[in-house]
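# Structural features, examined
The chain contents come next:
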Amino acid sequence: MTAPAGSVTLVEGSTFCLSNTHGDIVPGTAHGLFVRNTRFLSRYELLLDGQTPEALSVQTPEAFAAQFVLRRAPRAGFADTGLLLVRERVIGGGLRETITLENLTDETTVVSLEVHVDADFADLYAVKEGRAPLHGAEPTVFGTELVLTDLADPLRTLPVIASADPTVIPKVLSWQIVLPGHERWQAEILAQPGQTHAPPPARRSRTGETASPARKLGAWRDTATDLSADDPVLAQVLRRTESDLGALLIRDDDAGAGPFVAAGAPWFMTLFGRDSLLTAWMALPLDVGLAIGTLRRLARLQGRHVDPMTEEQPGRILHELRRGSGTDDTRGGVACYGSVDATPLFVMLLAEAWRWGADEAAVRALLPAADAALAWAEKYGDRDGDCFIEYQRATTCGPIHQGWKDSDDAINDAEGHPAEPPIALCEVQGYHYAALLGRAELAEAFGDPAAASRLRDQADTLRGKFLEEFWLPEKGWYAVALDGGKRRVDALTSNVAHCLWTGIATDQHAADIVERLSGEQMDSGFGLRTLATTMGAYNPMSYHNGSVWPHDTAIAVAGLLRYRHVPGAVELAERLASGLLDAADAFDGRLPELFCGFSRSRFVRPVPYPTACAPQGWASAAPLLLVRSFLGLEPHTPKRTLTVIPRLPQRWGKLALTELRLGPATVHIEAQGTAVTSRGLPDDWRLVTSARNGTSASTC
C-alpha cells in the first residue's frame, strides 16, 4: 500500500507519522503513527461540528513538526467562516498535538470538537504491503484517559490523554466549547506508547518549543559542522539537510554503538547496510561520529553463518534490519543480507572515517570486521574465482537484484533484455577496489606492510581485469554488468559514474564517459538519469530505469571532480549540481529519494515520483557530497594534512565550514571560486591548496 497523494510525513528517529494535509490519520490507508515499525495509531481524525474542517495550508518547520492550518467548513450558501483551527504536531516516541481554536468574529460561537482515535498495532511491512491487520485494539477509559490495548499483546498499549477536560468514551475524545468573539481556546493531546495514567500534558505556546525532538536536534546541531553559503538555494538546502539528518538519527538501546541514520521515511526507518553507509560517508563533513556509529552497529550484525533464508554468510554486511511487532529476536529484529555492495562499502567507510579523524582505538576495534568483509568478498562474493563480486539470490524469497538498483527490472542490456544471474555490477567492482586500497592504507599505518603490499596487489589485479572485461570500446562506457555467461550487459547507466568515484577508471576511459554522460540522453536538466533515454528499458517514471536519484547524481559529481583534469568533467559536474539544486528548490529545499527523469525542456519543474521517501538518508546527505567535492576537501588526520582545492560554481558565492572537527583539530574554511582561506589549523599540520602534476586530489 502506498501513501495517498498529498500525504504529510513527519519523522524523528524511529518514530514517524503519515497523515493527510488536514492532519488526519485516515483508517484504511497507509497513514499512521509508527513507533519502532509498529503502527500505534491507525485512526486519528478531527471533526468540527461533525464535519472535516477545510484545509488551508501545511507548514513543516522541522522534519518532526508540522502546523496544519484549517477553518470551520462554511455553511451552505456562504463562502467564508470565522473560526480558525490550528493543529501543531510534534512527534518523537509518540505524538503530541496542540489544538487551537480562534474566533475571528465579534459574536460568540459554540463549537463541537471530536477526535476519533484507534490503533491496529500492525507491523510496518504489513501496512506497506497492504495486508489487512491481524488484530486491533481494546479501548478502556480511565477518567479522562483513553487506553488502547493490543488484543494480541496486552503489554502493548497506547494511552491517549488530553487537557481542557475532555469527555472520553471508547475511541473518542470530545469537547463542547463556547468561544467568545476574538478569543482562543487550546487543548493538548498526548499519545505516547506505554505511558499509562500520566497527567494531562502542559500547554505550549509554540510547536516543539520544549519538545524532546527539538532538544535532540539542537544537540545534533551543536556538535555538527556549521555550513553556510551565499547562494540562498544552497543555504536553504543545507539547512534542510542538517535538520533531516538530525531527524533520521536513531539512538536506540544499543548505547555503546553510537547513532546511525535510518534509510528514509516513511517505509525504511531502520538500519540499512548500503543506505546507512553511504549516508554516513556523505555526512563526514558534518560529523565523523555517524560513520563510527554505523560501522559499529553493522559489525555487531555482521554475518556469522550460512543461511539461505536471510542470505546471511560469514563476513557479509546486512542489507536491512527489519523491526516491528512481529520481528523481534535476539538481534533486535530480523537481519536480511541480500546486498552485494554493503560489504565493500563497509571497508571503504572505515578507511575514510580514519582519514577524517575517527578515534584510532575505534578504528582498530573494527579491523577484524573489515577483514571478515574482505574474506567474504573472496570466498562468497567471488563465486567463480574471476576476481569479480557477483550476486544471485539464494532462494526465490530474496531480492532478484542486490546492488543499489534493486528493483526487479533494474539491470538490462541496451535493448532492454534483463540480465541473467549471477551478475557482476560495474560499481561493485569499483567499491571492492577502493576497499582493498583503503584496507591496505590502514595496514601500512598500523604496522603491517606485508598485508598492505598484498592488498594493493589484489587491487591492481582487480583493476586490470575490470578494465579488460567491462570496457565497451565501441560504445565508450563500462558495461553496467557481466551476466551469468560473462557477457557484457551494455546499457548506458549512471552506474558507470560510480566507477569514476572510486577511481577504478583510467583517464582515457573517463574522458569517453564524460562525453557520454554529458548528452541529453543522460542529463535530464535536474540531475543524471539512471538510464539513458536511448536504451530499450528507458522509462522516466520507473524506479531505476530512467528516474533521477539525488544521491546517484551527487556520486557522479564526486566522480567527475575526482577526474577534474579530464576535459569537460568540471563543466558537467557544475551542470549536474546546478540542476540538482534547482530540483531541491522546487521541492522546498528537501531532495526526495528520487523523482521522474523527464527532461527539463519538457517540464519546467521536476515531476515527483509518487512513492518516493522524503526525508531519505542519502538524498538528504547528497548536498554535503556536492559541497565536499567542489571544495576538493580531503583531510588526512593521521598524516596531519588538510587538502582543499576548491572549484566552486559561480552561483554559490562564498562557502564556509565552521568548526569542522578533524580528530583533535577544529578548523574553519572559507572558499569562493578557486580561492580558499582557513583558520585554526594546528602548526604541525600541512594545508594543501593546489594540485600536483596536473591532477587533483581525490574527492571520493
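For the structure itself, look to the data block above.
To keep things clear, this report deals only with the structure shown in the data block. (Residues numbered from 1 in each chain as written. Predicted model: local features only at pLDDT ≥ 70, side-chain atom pairs only at ≥ 80, totals over all residues. Heavy atoms only, no water.)

## What about the packing of helix 7 (residues 360–381) against helix 8 (residues 426–445)?
Relative orientation and spacing of two packed helices are given, respectively, by the angle between their axes and the distance between those axes. Where helix 7 contacts helix 8, the two axes come as close as 11 Å, and the packing angle between them is 140 degrees. When the axis of helix 7 is compared with that of helix 8, the two are oblique. In the packing of helix 7 onto helix 8, the handedness of the crossing is left-handed. In this structure, helix 7 uses Val-363, Leu-367, Ala-370, Asp-371, Leu-374 and Ala-377 to contact helix 8, whose residues at the interface are His-432, Ala-435, Leu-436, Arg-439 and Leu-442. The residue makeup of the contact of helix 7 with helix 8, split by class, is eight nonpolar, one polar and two charged. (Axes fitted to C-alpha atoms, helices over the stretch in contact; angles between N-to-C directions. Helix = DSSP H or I, 4+ residues; strand = E, 2+ residues; numbered from the N terminus. Parallel < 35°, antiparallel > 145°, perpendicular 65-115°, else oblique. Left-handed = near helix turned anticlockwise from the far one by under 90°. Contact = heavy atoms within 4.5 Å. Nonpolar A, V, L, I, M, F, W, Y, C, P; charged D, E, K, R; others polar.)

## Here we look at the sheet that holds strand 16 (residues 184–191)
Taken together, eight strands build an open sheet; the order of strands is 6-7-8-9-16-13-12-11 and the sheet is antiparallel. Each edge of the sheet is formed by a strand with only one pairing partner; in this case those strands are strand 6 (54–62) and strand 11 (137–142). In this sheet, adjacent strand axes meet at a mean angle of 15 degrees when their direction is disregarded. (Pairing = 2+ DSSP bridges.)

## Section: the packing of aromatic side chains
Summed over all chains, the structure comprises 19 aromatic pairs. Pairing Trp-404 with Trp-618 gives two aromatic rings, centres 6.2 Å apart and planes at 90 degrees, and the pair type is edge-to-face. Here Trp-404 is found in the loop between helix 7 and strand 22 (424–425), whereas its partner Trp-618 is found in helix 14 (residues 617–631), with 214 residues between them in sequence. You can call Trp-618 buried: its relative accessible area is 2%. Grouped by ring-pair contacts, the aromatic residues Phe-388, Phe-466, Phe-470, Trp-471 and Tyr-478 constitute a single cluster. Over the ring of Phe-446 we find Arg-364; its NZ or CZ atom is 4.1 Å from the centre of that ring. (Phe/Tyr/Trp six-rings, centres within 6.5 Å; stacked < 30°, edge-to-face > 60°. Buried < 20%, exposed > 50% of the residue type's maximum accessible area, 1.4 Å probe, protein only. Lys NZ or Arg CZ within 6 Å of the ring centre and 35° of its normal.)

## A word on the sheet that holds strand 17 (residues 226–229)
Reading across from one edge, 17-29-30-31 is the order of the four strands in this open sheet, with antiparallel pairing throughout. The open sheet has two edge strands, strand 17 and strand 31 (675–679), and neither has a second partner. Averaged over all pairs of adjacent strands, the angle between strand axes in this sheet comes to 20 degrees, irrespective of strand direction. Across four bridges, the pairing between strand 17 and strand 29 (residues 655–662) is antiparallel. Paired with Leu-227 across the two strands is Leu-657, which belongs to strand 29.

## Let's talk about the layout of surface pockets
Of the voids in this model, the largest pocket is the one considered here, and its volume is about 1,100 Å³. Looking at the largest pocket, it is lined by 38 residues, and the ones nearest its centre are Lys-128, Phe-268, Glu-320, Arg-322 and Asp-406. Secondary structure elements with two or more residues in the lining of the largest pocket: helix 1 (124–128), helix 4 (273–282), strand 20 (320–322) and strand 21 (334–336). Looking at the lining of the largest pocket residue by residue, the class counts come to 19 nonpolar, nine polar and 10 charged. If you count residues domain by domain, the lining of the largest pocket takes at least three from each of domain 1 (8–196) and domain 2 (215–585 + 595–661). (1 Å grid on protein atoms, 1.4 Å probe; cavity = no way out; pocket = protein on both sides within 12 Å on 5 of 7 lines; lining within 4 Å. Points joined across faces, edges and corners; volume = space filled by probe spheres on them. Domains from an automatic or database assignment.)

## Notes on the environment of Cys-613
As for its position among the elements, Cys-613 is in the loop between helix 13 (569–586) and helix 14. Using a relative accessible area of 0% as the deciding quantity, one classes Cys-613 as buried. A C-alpha to C-alpha distance of 6.1 Å links Cys-613 and Pro-592, two positions 21 residues apart in sequence. If sequence neighbours within four positions are ignored, Cys-613 has contacts with Gly-264, Ala-265, Pro-266, Trp-267, Phe-268, Pro-592 and Glu-593.

## Some remarks on the environment of Leu-482
Within the secondary structure, Leu-482 is located in strand 25 (residues 481–482). Look at Leu-482 and you get buried, because its relative accessible area is 2%. Counting along the chain gives 45 residues from Leu-482 to Gly-527, while the straight-line C-alpha distance between them is 26 Å. Not counting residues up to four positions away in its chain, the partners in contact with Leu-482 are Phe-388, Pro-422, Ile-423, Ala-424, Glu-469, Phe-470, Arg-487, Arg-488 and Val-489.

## Let's talk about the pairing of strand 28 (residues 641–644)
Burial along strand 28 is two-sided: the residues Thr-641 and Thr-643 and Leu-642 and Val-644 are all buried. Sheet analysis places strand 27 (residues 633–636) next to strand 28, joined by four bridges and oriented antiparallel. From the neighbouring strand, Glu-634 faces strand 28, where its bridge partner is Thr-643. One ladder, built from three bridges, connects strand 28 with strand 32 (residues 686–688); its direction is parallel. The residue of strand 32 that forms the bridge with Thr-641 is Arg-686.

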